[in-house]
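Breakdown of the fold
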Amino acid sequence: EARNMESLEKQLICPICLEMFTKPVVILPCQHNLCRKCANDVFQASNPLWQSRGSSAVPSGGRFRCPSCRHEVVLDRHGVYGLQRNLLVENIIDIYKQESARPLHAKAEQHLMCEEHEDERINIYCLRCEAPTCSLCKVFGAHKDCEVAPLPAVYQRQKSELSDGIAMLVAGNDRIQAIITQMEEICHTIEENSRRQKQHLGLRFDSLYSILEERKKELLQSIAREQEAKVQLVRGLIRQYGDHLEASSKLVESAIQAMEEPQMAVYLQHSKELLKKITDMSKVSMSSRPEPGYENMDHFSINVDYVAEMLRTIEFQTGA
C-alpha cells in the first residue's frame, strides 16, 4: 500500500515546481499536466512581449513547449487561462491528501536523522555552511557559531528558486529551439535562392552562347559567299582556257596533217584557210587571269581579344 501511495504521489507532482499540482491544467494536445501558475511562468518566459489579461489592449496568442515532452503548445489570446482545468487530477489530489494526511515527502524527512546525534532529526539549515543540520549541532556542535534558519522555510525558498530556474531553462530552450528553427529556415531559403540564381545565371550565359553562335554563323556565311564567288570566277577562266587549248590542239593536228600532204595542188586548196585559222587563233587574247593575291582570304580575320577580356570581367551586379 505504501509503494502504491508513493507511485501515485509521483504521478501527481508538477515537473516544474516539483510539488503536487495546484489547479492543474491540461497541456493540449499532448495531455500532460502542469500547475496553472507554473504553466503561466513558462508561457510568460517564452513570450516576454505577451500582454497579460489585465492589459487594456487586446492580447494576442503565443506558444511554448511542454516541459515533459517538448511538444509545442499554441495558445489563443487568453493565454494559459484558456487551458482546460483537469478536475479529475484535482479530485485525485484531494483524495490522496485525505488518505495520506501528511505533506509531500514527509516520510522521507521523518527518517532523515543527524549523523552525530542519532536521536535528533534534521530540522534546521545552516546558512553559512549551506547544509541541513539538527538543533544539538547548533547548540553544542559544529554549527554553534553559525546562522541558521528553519528547514521548511529554506526548503520552500530553494524549491521556489529551483522552480524558477527550471522555468527559465525551459524558456531558454524554447528560444534556442526557435532560433534553430529560424536558422534552418534561413538555410532552406539560401538554398532556394541559390538554385534560382544559378538558373538565372545559366539562362544569361545561354543567351550569350546564342549570340556568339548566331554571329559565328553570319561570319562563316560571309566567308562562304566570297569563297563561292571567287571560285566560280576562277573556274570560269579555267573553262575558257580549256576551250581555247582544246581548239588550238585540234588546229595543230590539222596543220600537221596538212604538212604531210604530198600533192601540192591538194595542199594549196586547204592551206590558205588553215593559215587564216592559225592567224586568228594566235590573235585570241588569253590575258584574263586573277589578280595577284586574289586567292587571299586574310581580310576575314577577326580580333576577339577585347571581347574575351570583356567576358572575363563579367561579374555579379552589386546593390546600389
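Residues numbered from 1 in each chain as written. Predicted model: local features only at pLDDT ≥ 70, side-chain atom pairs only at ≥ 80, totals over all residues. Heavy atoms only, no water.

In the annotation of an unreviewed UniProt entry, the entry for the chain reads Tripartite motif-containing protein 54, and the organism field reads Probosciger aterrimus. Under the heading Catalytic activity (unreviewed entry), UniProt records this for the chain: "S-ubiquitinyl-[E2 ubiquitin-conjugating enzyme]-L-cysteine + [acceptor protein]-L-lysine = [E2 ubiquitin-conjugating enzyme]-L-cysteine + N(6)-ubiquitinyl-[acceptor protein]-L-lysine." On record in UniProt, under Function (unreviewed entry), the comment for the chain is "May bind and stabilize microtubules during myotubes formation." (UniProt positions renumbered as here; feature names shortened; annotations may be inferred.)

1. Observations regarding the nonpolar core
If you look at the biggest cluster of nonpolar residues, it comprises 26 residues, and the most contacted ones within it are Cys14, Ile16, Ile27, Phe64 and Leu75. Looking at this core, the elements with two or more residues in it are β1 (24–27), β2 (32–35), α2 (36–46), β4 (72–75), α3 (87–100) and α6 (151–259). Here this core gets 4 residues from one element, more than from any other, and that element is α2. Excluding residues that lie within four positions of it along the chain, Cys14 makes contacts with Glu19, Phe21, Leu34, Cys35 and Cys38. (Core = buried A, V, L, I, M, F, W, Y, C linked by side-chain atoms within 4.5 Å. Buried < 20%, exposed > 50% of the residue type's maximum accessible area, 1.4 Å probe, protein only. Helix = DSSP H or I, 4+ residues; strand = E, 2+ residues; numbered from the N terminus. Contact = heavy atoms within 4.5 Å.)

2. With respect to the sheet that holds strand β6 (residues 131–133)
What the 3 strands build is an open sheet, ordered β6-β5-β7; its pairing is antiparallel. The open sheet is flanked by β6 and β7 (148–150), the only strands paired with a single partner. Pairs of neighbouring strands in the sheet enclose a mean axial angle of 35°, with direction left out of account. Bridging between strand β5 (residues 124–126) and β7 involves 3 bridges; their strand directions are antiparallel. Considered in β7, the bridge of Tyr125 is made with Ala149. (Pairing = 2+ DSSP bridges. Axes fitted to C-alpha atoms, helices over the stretch in contact; angles between N-to-C directions.)

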